[in-house]
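# Breakdown of the fold
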Amino acid sequence: MVRWSEDLQQYEEYGLRARRGGWVIESGGAVIAVLTVGWKSPRTIAGRNWPVYLEYLVTDEHHRSGGHGSRLVRYAIQELARQGCQGVYLKVFKGDDGWESALRFWERHGWTEHCDLTTDRHIVMTKEIASAPPP
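Before going into details, it helps to say that this report is about the structure given with it. (Residues numbered from 1 in each chain as written. Predicted model: local features only at pLDDT ≥ 70, side-chain atom pairs only at ≥ 80, totals over all residues. Heavy atoms only, no water.)

Here we come to unusual backbone geometry. The phi angle of most residues is negative, glycine excepted, and most peptide bonds adopt the trans form. Positioned with a positive phi, Ala46 is a non-glycine residue whose angle comes to about 55°. Position of Ala46 relative to the elements: it lies in the loop between β2 (30-45) and β3 (48-59). Residue classification places Ala46 among the exposed residues on the basis of a relative accessible area of 65%. (Helix = DSSP H or I, 4+ residues; strand = E, 2+ residues; numbered from the N terminus. Buried < 20%, exposed > 50% of the residue type's maximum accessible area, 1.4 Å probe, protein only.)

Quick look at the pairing of strand β4 (residues 87-93) now. Among the seven residues that make up β4, five are buried, leaving the element largely enclosed by the rest of the structure. Examined bridge by bridge, β3 and β4 share two bridges and lie parallel to one another. Its bridge partner being in β4, Tyr53 is matched across the sheet by Tyr89. Since β3 and β4 lie parallel, the crossover through helix α2 (residues 68-82) that links them has a hand, and here it is right-handed. Of the pairings in the sheet, the one linking β4 to strand β6 (residues 122-128) comprises seven bridges and is antiparallel in character. Bridged to Gly87 within β6 is Glu128. (Pairing = 2+ DSSP bridges. Right-handed = clockwise from strand over helix to strand, strands pointing away.)

Our focus in this paragraph is the pattern of salt bridges. Going through the model one piece at a time under the given rule, you end up with two salt bridges. We note a salt bridge from Glu128 to Arg48, for which the minimum N-O separation is 2.9 Å. A residue pair is termed long-range when its members are at least 10 positions apart, and Glu128 in strand β6 and Arg48 in strand β3 qualify at 80 residues. For Glu128, a relative accessible area of 57% puts it in the exposed group. The partner of Glu79 in a salt bridge is Arg82, and the shortest N-O contact between them spans 2.9 Å. On the criterion of helical spacing, the pair formed by Glu79 and Arg82 is a turn pair, its members being three residues apart in helix α2. (Salt bridge = Lys/Arg side-chain N within 4 Å of Asp/Glu carboxyl O.)

What follows is the structure in structure tokens.
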């Protein structure tokens, strides 16, 4: 779990210029869920550019199934829309414990699997985001 804290530190230090961003849920001063994204060179998927990569979503094992991951995903998508992002992509790694549950989680949240990009190691998924109207 050290990697996500380094990402958050970079985001705090560099603000909007950071190539990564993150959101956390805390309870009693402890971090119980983290979601990070990276702004990368756009990846072309299904004929469209996807510049934002959802790097990872981690929920503390004692707080799983409490809706924290779902809340974090909804909030992150809202924030990305507010920033003008029109879509985000992720990879579900087949070697990770619980990857099949993770795949079902992302499907429940409206993510689309791209079978043509699926390999024996990972599954690529995308989520279209409706940009928020200008303030």
